[in-house]
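Residue-level listing of the chains:
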Amino acid sequence: MLKKAWFVLITLCFAQITFAQRDLIRFNNITIDNGLIQGSISGVVHGKDGFIWIATADGLHRYDGYNFKIYRNDPSQPNSLPDNYISCIYEDNSGKLLVGLYNGEVCILNKRSSEFKKLNLHRGKTNETPKPVSCISEDGRGAYLIGFDGAGMIKYDTSGTKIKIFQTGVTGGLVSNSIRCISKDRFTGNFWVGTATGLTEYNPVNDVFTTYPNFRNLNDKIITTILATQPDQLHIGTYGKGLYLYKRGEDTASRMVLPKSKGSRFISFLEYNTNNK
């Protein structure tokens, strides 16, 4: 099993664009000296509550711009963070913070009580080797979509009553069980699922996965992030292979030319700029 391509930061940087000089980007470096207890970062969320939530290999950090509050496992507290090795975080549309763990669990933080509640994802399957949670999204129809590194994808009804498991060999169209990202297409309502061996499209209404021959040049790429920028085009980030652009109807996805640097080959995050700046 290929481990997820975590991005490791020696320092955590927050960028601020000044309005007087729009071309000038200033960075404030947040380091261990400022209270960050771990330099291995697996996810960052700017929450609806105004806080910056940072997932690390040694606990969850909440940053208010000045100080950190740190959530870690406490064996004497049964409702503390179940495990310190966090693999991803996600804030849903209602502002709930979901924490994905390397041990295969997902929990929701109660921000008022600082307690964590685990989702019942595996329903007593204790004999199976747990796989790390690699990404979390929501389908807009009352379910979370949870990807695993080696165990496919789970559709978890937020009521906790229904679970659907999607895996290769059982689910047609899913190209790999090593899920790297689940990104909603804002134009179609479907989801693009990036894996360790290519890309597939998921329809949450009928739970159908569709592969496209036009993506064949991405089959040997680890897809790390996907963004639908126009109704007819996708930007596709990869681990170590750069950024690709796919336009519907074309034969293949084409690699985009980026400024030359080692980091330009490793694309971990894409976001649409709604301000058009």
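Residues numbered from 1 in each chain as written. Predicted model: local features only at pLDDT ≥ 70, side-chain atom pairs only at ≥ 80, totals over all residues. Heavy atoms only, no water.

Before going further, it helps to examine the environment of Leu 101. Residue placement: Leu 101 occurs in strand β8 (residues 97-101). Of the residues examined, Leu 101 reaches a relative accessible area of 0% and is grouped as buried. Residues Leu 101 and Ala 55 lie 46 residues apart in sequence; the distance between their C-alpha atoms is 9.7 Å. (Helix = DSSP H or I, 4+ residues; strand = E, 2+ residues; numbered from the N terminus. Buried < 20%, exposed > 50% of the residue type's maximum accessible area, 1.4 Å probe, protein only.)

Tallied over the entire structure, the rule returns ten salt bridges. Two residues, Asp 149 and Arg 180, come together in a salt bridge whose shortest N-O distance is 3.1 Å. Taken as a pair, Asp 149 in the loop between β12 (143-148) and β13 (153-157) and Arg 180 in strand β15 (residues 179-184) lie far apart in primary sequence, 31 residues in all. You'll find Asp 149 and Arg 180 in the same group, each marked buried. The partner of Asp 185 in a salt bridge is Arg 248, with the nearest N and O atoms 3.2 Å apart. In this pair, Asp 185 sits in the loop between β15 and β16 (191-195) while Arg 248 sits in the loop between β21 (243-247) and β22 (254-255), placing the two residues 63 residues apart along the sequence. Overall, the relative accessible area of 1% leaves Asp 185 in the buried class. (Salt bridge = Lys/Arg side-chain N within 4 Å of Asp/Glu carboxyl O.)

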